[in-house]
Amino acid sequence: MADQKIAAYICQGCGLGERLDTVDLAKVAQKEGKAHVVREHEFLCNVDGVKTIQNDIDSEGVTHIMIAACSRRAKAEAFYFPAVAMSRANLREGVIWCQPDTDEARETTQEMAADYVRMGCAEVKKMIQPQGNPGAVRNNRILVVGGGMSGMTAALQAAKAGYGVVLVEKAGQLGGWAGKIYKRIPSRSPYQDPQDTGVEEMVKAIETDSRIKVYLNAVVAKTGGAPGRFQVEVGQESGAAGTEEVGAIVQATGFSLYDANNLPELGYGKSANVVDQAGLEKLAKEGNGAIRRPSDGGEVKTVVFVQCAGQRDASGKHLAYCSGSCCNTSIKQAMYFKDANPDVNTVVIFDDLRTPGNGEDFYRSAQNKGVTFTKGKVSAVEATGNTCKVTFHDLILNDQNATIVDADLVVLATGQVPNSGVDIDAKLKAEVAAANGDTSLLEAIEAQEASGQKPISVLNLDYRQGPDMPQLKYGFNDSHFICFPYETRRTGIYAAGPVRRPMDMVQAAEDATGAAMKAIQALENAAVGRAAHPRSGDLSYPSFRIEGCTQCKRCTVECPFGAIDEDEKRYPQFNEPRCRRCGTCMGACPVRVISFENYSVDTVGSQIKAVDVPDEFSEKPRILLLACENDAYPALDMAAMNREIYSAFVRIIPVRCLGSVNTIWITDALNSGYDGVMMMGCKHGDDYQCHFVKGSELASYRMSKVDDTLKGMGLEVERVRTFEAAITDIERLPKLINEYAAVIREIGMSPFKGF
Amino acid sequence: MSEANTQAVEKYRNNFLKEVEERVEEGEWVKMCMQCGVCSGSCPFGPHWAHPPQEIFMMIRAGKRDEVLTSDSMWMCTSCYNCIVRCPRKLPITHIMHGLANYAHRLGLAPKGQPTREFGKMFWNNLVATGRVNELKLSLSLYFKDGFSQGIKNAMAMKDVGLGMLKAKRLNPFELFSPHGCKDRKGIHAMLKKAREIEDRRKHLTS
């Protein structure tokens, strides 16, 4: 490009001047890096240094700058020049802090620094400073799906912050589960007694808030668009449908109780006196606290609460998990009886009593009130006349056949099942299971398809990936569980409350508040064309060269966020506001037509090629390390801060995500004589830590096929290695590098040098 | 079965927990146990108990009256207070154990011949007689509790210690015949009687 004017700045501060020959580096930048302006500075991040750079931009017409100083993760505030494209050569953490300060090491240290200067110059040449998405639109409304405790909280919080809300509730009134219960678990000190739900006040607040528009008896019939410009069709029973435009979405569809009809051995369905927790709440609400025996209206003298009914089940028949809220609920329900009449015998049969939050105080209060807690596992509930006989294994006294006879009422704590909509990966999971010999899932799906029944979707998303959010374990909605619990794989759509994980009302309200905040953040970012989490503030977005595209669909299929649809001509259609800027599409593209303005196959590829590769006989191998910028790269920076020494033959390039690594980089590197390529990405699998959820998984899948390519090139398979790295691996990563350097020394130099 | 026991069974029917709460020293704490088992794990005598404290509390809640009251478990307690120190729910476990033992004794359900109980009875009777413990009599009755010939054997085994104490004037053989008591023996007896009355009332043992 003719109008490119590149300036290179070499810092001498932080010991760089003493350890490195900066005059030589300046020459490298000028001659090899082809920088038009080259300056050395003794302390580049101070006021004078920053002013020097700003002056060059303002009066010298500099358009691209390369700063050779510290890591790109340091001094980001000082080196903030939004008007120009910028690259950073990491001479401090990347060179002098990770190399020994000895005379013998001087030569290799200088070579390392010179390479990073070359790489920085090569990279910046290929960069364009992103200007943001010109098609960005602002929409200050949030759609909240579900009008229970979570949904109402999200709506009220968003409205309080000044944003409009569209609240869609399936039932005829707001309240959800919270609206059906008599009293709630106490949410404030001293956590001794059941407390009023407060639902009526919330409903009133919503009804009187002009910013909140409520649809009752309504569902979301269709959701199209992207953050900032979602188009939502609301369908109502009456047929009347509204169309709403919103900027972001909170899905707070809550839970249903696990169906107690699956538990005939516990007497459900056989006696009216065996109820689930919802059944007891109904009795309490109807009787305004006075609970009579359902079968004949008789007096209740003994109540038995059966915890973990159909939960924490290892057999695979029922729920495998703990719902975390039912112990407190049973304690509360036992108090309904004790508060009305202390002589009622209330027994809670538990396996482990789990009372999160301030539940421990509540539990103690129940003990004080005389609720009996028995550690055991209920095996059977038999109804005889108007009473039941409960048989259980007493785990303290190890009595297999302990019984409670004459129980007037038995309450089953059955747990939470999320209302998360369609499992979009059901078929894939079933096929994987079938391939492993278990065809039951696949058969179930086929039977359902044959019956013409369609699973009911919550969001009816108009995305190529499917109508609902992906599901994690046990059918709970998506959430970046380990690192960013609010984030889902659908940008601008946030799951809140028990649809995300089992939780109680206090947690749900907190969760919903967080989700409302996230939704606001998403629509604000969409309004200015910026990325939301995790590259927040990033203005770049992917684009593709239509002439080169072969319509292979890899980008549309592999995008973890469903950001890419296909247009009528079956070309990829990018929905920028949905994009997280991870570059997984770029890594997937076999014809390399996808790029970001400041991050592309070229920006990395030219860095790889810029490195000076010494000849075969120099005994100086070159190892390329592509490091995930989220975990591996900061871990390496921190290792350098601790002065962990690693091989001087490694050249590190940070990548947005290992998923963005295009295999062309590997072949390019090997072809230009590198002796080995290391890749460091985040942990993948069920407990993934990848910021982009699937990026590192896709990368490791792609790299698993690289062996054949290597064999085809006549190279050893050890020349390319993928490693899982966490941000805490500060001591491990330098070790990995050194071990790998030893492996390369053993297998010898690459035969591809000098071509 | 004593009359007191029959009366208690009659009064509390199946609610043993309530009986314990009302009649056993610190019994109102039993319901607060959360079955963590720290007491059982902390007890130096744990492995020798038929039922460690955690189990005793569970048995009380399960209404296992006879098993609890006839058990010798709570008699095994040596009052080391490890359990009290460690109980996360702050239950006075040692005191509850003694309370249960005492209650079982009062009802006549405590195991016959249990050494701790036998010694306890000896000590009390010895003390109450004169208002002062007569050590010579107490030792001798302990030696002879299992019969005359065993008593002689026990005494012979301890004779060196006994003679040593005699020499050092720590043991007066005449105490056997004319024990010296406290100044106001009648007063002590009246006081103990009154204390028993108060305690019985507090424990609902009298109406």
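Residues numbered from 1 in each chain as written. Chains lettered and ligands numbered in written order. Predicted model: local features only at pLDDT ≥ 70, side-chain atom pairs only at ≥ 80, totals over all residues. Heavy atoms only, no water.

A separate point is the overall build of chain A. The secondary structure content of chain A amounts to 22 helices and 29 strands. When its C-alpha atoms are laid out on the principal axes, chain A stretches across 95 × 60 × 55 Å. Long-range contacts, defined here as pairs at least 24 residues apart, represent 70% of the contacts in chain A between residues at least 6 apart. Taking the 83 positively charged and 97 negatively charged side chains of chain A as two groups, their mean positions are separated by 2 Å. (Helix = DSSP H or I, 4+ residues; strand = E, 2+ residues; numbered from the N terminus. Contact = heavy atoms within 4.5 Å. Lys, Arg positive; Asp, Glu negative; His and termini not counted. Charge placed at Lys NZ, Arg CZ, Asp CG, Glu CD.)

This part is about the interface of chain B and chain A. Contacts between the two partners involve 14 residues from chain B, matched on the other side by 14 residues from chain A. For the pairing of chain B and chain A, the buried interface totals around 1200 Å² over both sides, and the portion due to carbon and sulfur atoms is 58%. We note a salt bridge from Arg89(B) to Glu360(A), for which the minimum N-O separation is 3.2 Å. No other element matches helix 4 (residues 53-61) of chain B, which puts five residues into the side of chain B that touches chain A. Residue composition of the side of chain B that touches chain A, grouped by class: seven nonpolar, two polar and five charged. (Buried area = accessible area lost by both parts, 1.4 Å probe. Salt bridge = Lys/Arg side-chain N within 4 Å of Asp/Glu carboxyl O. Nonpolar A, V, L, I, M, F, W, Y, C, P; charged D, E, K, R; others polar.)

Another point: the domain arrangement of chain A. Reports often express the size of an interface as the amount of accessible area lost when the parts come together. Domain annotation of chain A identifies domain 1 (1-129), domain 2 (141-254 + 457-527), domain 3 (259-415) and domain 4 (423-452). Its C-alpha centre places domain 1 of chain A at a distance of 56 Å from the equivalent point of domain 4 of chain A. (Domains from an automatic or database assignment.)

The next subject is the packing of helix 1 (residues 3-12) of chain B against helix 2 (residues 16-23) of chain B. All names here are of chain B. It is the contact of helix 1 with helix 2, at a shortest axis distance of 9 Å, that shows an interaxial angle of 120°. In terms of orientation, helix 1 lies oblique with respect to helix 2. Considering only the axes of helix 1 and helix 2, their crossing is right-handed. Across the interface between the two elements, Gln-7, Ala-8, Lys-11 and Tyr-12 of helix 1 pack against Lys-18, Glu-19, Glu-22 and Arg-23 of helix 2. Classifying every residue of the contact of helix 1 with helix 2 by side-chain character gives two nonpolar, one polar and five charged. (Axes fitted to C-alpha atoms, helices over the stretch in contact; angles between N-to-C directions. Parallel < 35°, antiparallel > 145°, perpendicular 65-115°, else oblique. Left-handed = near helix turned anticlockwise from the far one by under 90°.)

With respect to the helices, strands and loops of the structure, His480(A) is situated in the loop between helix 13 (440-451) and strand 21 (493-495). Among the polar contacts made by the side chain of His480(A), one reaches the main-chain carbonyl oxygen of Cys690(A) at a distance of 2.6 Å. (Polar contact = N/O pair within 3.5 Å; in protein donor to acceptor, adjacent residues only side chain to side chain.)

Now for the pattern of salt bridges. Residue and element names in this part refer to chain A. Summed over the entire model, instances satisfying the criterion amount to 57 salt bridges over all chains. Note that Glu-111 is salt-bridged to Arg-622, the shortest N-O span being 3.4 Å. With a gap of 511 residues between them, Glu-111 in helix 5 (residues 106-125) and Arg-622 in the loop between helix 17 (601-610) and strand 26 (623-628) connect regions that are remote in the sequence. Linking Asp-538 and Arg-656 is a salt bridge whose minimum nitrogen-to-oxygen distance equals 3.5 Å. Separated by 118 residues along the polypeptide, Asp-538 in the loop between helix 14 (505-527) and strand 22 (543-544) and Arg-656 in the loop between strand 27 (650-655) and helix 19 (663-671) bring together distant segments of the chain.

Our focus in this paragraph is the sheet that holds strand 6 (residues 164-168) of chain A. Residue and element names in this part refer to chain A. Here five strands make up an open sheet; going across it, the order is 7-6-5-11-21 and the pairing parallel. Two strands lie at the open edges of the sheet, namely strand 7 (212-215) and strand 21, each paired on one side alone. The sheet shows a mean angle of 20° between the axes of neighbouring strands, taken without regard to direction. Bridging between strand 5 (residues 141-145) and strand 11 (residues 248-251) involves four bridges; their strand directions are parallel. Bridged to Val-145 within strand 11 is Gln-251. Set on the sheet, helix 6 (residues 149-160) makes contact with strand 5, strand 6, strand 7 and strand 11; between it and strand 6 the angle comes to about 165°. (Pairing = 2+ DSSP bridges.)

Below, the discussion takes up the nonpolar core. In terms of nonpolar packing, the biggest core is built from 113 residues, with Leu91(A), Leu626(A), Trp665(A) and Met680(A) touching the most fellow members. Element by element, the count of residues in this core is highest for helix 5 of chain A, at eight residues. Dropping the residues within four chain positions of it, Leu91(A) is found in contact with Leu16(A), Leu20(A), Leu25(A), Ala68(A), Ala69(A), Ile96(A), Ala113(A), Tyr116(A) and Val117(A). Ala8(B), Val68(B), Trp75(B) and Leu91(B) belong to the second-largest nonpolar core, a separate cluster that totals 37 residues. (Core = buried A, V, L, I, M, F, W, Y, C linked by side-chain atoms within 4.5 Å. Buried < 20%, exposed > 50% of the residue type's maximum accessible area, 1.4 Å probe, protein only.)

Here we come to the state of the cysteines. Residues and elements named next belong to chain A. Inspection of every chain in the model, using the stated rule, returns zero disulfides over all chains. For the unlinked cysteine Cys-98, the closest cysteine sulfur is that of Cys-70, found at 14 Å. For Cys-582, which is in no disulfide, the shortest distance to another cysteine sulfur is to Cys-657 and amounts to 5.7 Å. Cys-582 gets classed as buried once you look at its relative accessible area, which sits at 5%. (Disulfide = S-S within 2.5 Å.)

Once that is clear, we can look at the domain arrangement of chain B. All names here are of chain B. By domain assignment, chain B separates into domain 1 (12-111) and domain 2 (115-197). Distance between the C-alpha centres of domain 1 and domain 2: 30 Å. Across the contact, five residues belong to domain 1 and four residues belong to domain 2. Counting the surface lost from both domain 1 and domain 2, the interface buries some 470 Å², and carbon and sulfur atoms represent 52% of this. Contact with domain 2 buries area across many residues of domain 1, yet Trp-75, His-105 and Arg-106 alone supply 76% of it, more than any other trio. Inspection of the domain 1/domain 2 interface yields zero salt bridges. Remark: the boundary between domain 1 and domain 2 carries four residue pairs in polar contact (both at pLDDT 80 or more). The residue inventory of the side of domain 1 that touches domain 2, partitioned by class, reads three nonpolar, one polar and one charged.

Moving on: unusual backbone geometry. Of the consecutive residues Ser189(A) and Pro190(A), the connecting peptide bond is found in the cis state with omega at 5°. Between His533(A) and Pro534(A) the backbone carries a cis peptide bond, its omega angle lying at -5°. Note that Pro534(A) resides in the loop between helix 14 and strand 22. Its identity as a non-glycine residue notwithstanding, Arg592(A) has a phi of 55°, on the positive side. Residue position: Arg592(A) is located in the loop between helix 16 (584-588) and strand 25 (594-595). What makes Arg592(A) partly exposed here is its relative accessible area of 36%. A positive phi angle is found at Lys90(B), which is not glycine, with a value near 60°. Locating Lys90(B) in the fold gives a position in the loop between helix 6 (82-86) and helix 7 (93-107).

This next bit is on the pairing of strand 17 (residues 387-394) of chain A. When a strand is regular, its side chains alternate between the sheet's two faces. Residue and element names in this part refer to chain A. Of all eight residues making up strand 17, seven are buried, and the element is well covered by its neighbours. Both strand 16 (residues 372-384) and strand 17 contribute to a ladder of eight bridges, which runs antiparallel. Opposite Thr-384, over in strand 17, you have Thr-387 as the bridge partner. The antiparallel pairing of strand 16 with strand 17 creates a hairpin that spans two residues between the two strands, and Gly-385 there sits at a positive phi of about 65°.

Turning our attention to the sheet that holds strand 4 (residues 85-90) of chain A. All names here are of chain A. The strand order across the open sheet built from four strands is 2-1-3-4, with neighbouring strands paired in parallel fashion. With partners counted over all chains shown, the strands left at the sheet margins are strand 2 (37-41) and strand 4, one partner each. Strand-to-strand twist of the sheet, defined as the mean angle between neighbouring strand axes without regard to direction, takes the value 15°. Pairing of strand 1 (residues 6-11) with strand 2 involves five bridges; the strand directions are parallel. Bridge assignment links Ala-8 to a residue of strand 2, and that residue is Val-38. Helix-sheet contacts for helix 5 involve strand 1, strand 3 (64-69) and strand 4, and the interaxial angle to strand 4 is about 165°.

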